[in-house]
Amino acid sequence: MSLTRRCSRTACPNAAIATLTYVYSDSTAVVGPLATYAEPHTYDLCTTHAERLTAPRGWEIVRLSGEYVEPEPTHDDLLALANAVREAGKPRLTEHPVPQSAHGQVGRTDETASGAVETGRRGHLRVLRDL
């Protein structure tokens, strides 16, 4: 999992250092420092693509900063990474068939046919543990 955002240009593997926004009403393309959050209708660009950007005929390019640097990871980025690792490491509940009695009623047993032991319930869900 990467903490850096990538350039929006197709097949560009470089890290983004600038954000491009189009202001259609003013026929202007604005290139500035990398936005805090990735927003819809904006484009993250690497150094090469930010510097080489050209606008359509009749449009103006506004560059908010002459020199771009890749942002350092923030405390929030590290927390997001830690949360993702915790979520990936959580045990997953597996689905096992619910035993039924001869009359089609759900039977209450502590051990399922697959050998898992029921350790708790939450509503209609069962928590199972392998033996």
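Anything mentioned here points back to the structure above.
Residues numbered from 1 in each chain as written. Predicted model: local features only at pLDDT ≥ 70, side-chain atom pairs only at ≥ 80, totals over all residues. Heavy atoms only, no water.

Glancing now at the packing of aromatic side chains. The full count for this structure, using the stated rule, is four aromatic pairs. Judged by centre distance (5.9 Å) and plane angle (85 degrees), the rings of Tyr22 and Trp59 are edge-to-face. Remark: Trp59 occurs in the loop between helix H1 (47-52) and strand E4 (60-63) and Tyr22 occurs in strand E1 (residues 18-23); sequence separation between them is 37 residues. On the accessibility criterion, Trp59 (24% relative accessible area) is partly exposed. Of the aromatic side chains, those joined through ring pairs into one cluster are Tyr22, Tyr24, Tyr43 and Trp59. (Phe/Tyr/Trp six-rings, centres within 6.5 Å; stacked < 30°, edge-to-face > 60°. Helix = DSSP H or I, 4+ residues; strand = E, 2+ residues; numbered from the N terminus. Buried < 20%, exposed > 50% of the residue type's maximum accessible area, 1.4 Å probe, protein only.)

This next bit is on the pattern of salt bridges. Inspection of every chain in the model, using the stated rule, returns one salt bridge. Arg5 is the salt-bridge partner of Asp44, the closest N and O atoms lying 2.8 Å from each other. You can see Asp44 sitting in strand E3 (residues 42-45) and its partner Arg5 sitting in the segment before E1, a full 39 residues away along the chain. With a relative accessible area of 8%, Asp44 lands in the buried category. (Salt bridge = Lys/Arg side-chain N within 4 Å of Asp/Glu carboxyl O.)

The next subject is the side chain of Thr19. Relative to the elements of secondary structure, Thr19 occurs in strand E1. With relative accessibility at 7%, the residue Thr19 sits in the buried group. At 2.8 Å, the side chain of Thr19 forms a polar contact with the backbone nitrogen of Ala35. With residues near it in sequence (within four places) discarded, Thr19 still touches Arg5, Val30, Val31, Gly32, Pro33, Leu34, Ala35, Thr42, Tyr43 and Asp44. (Polar contact = N/O pair within 3.5 Å; in protein donor to acceptor, adjacent residues only side chain to side chain. Contact = heavy atoms within 4.5 Å.)

Remember that the coordinates give geometry; whether it matters functionally is a separate question.
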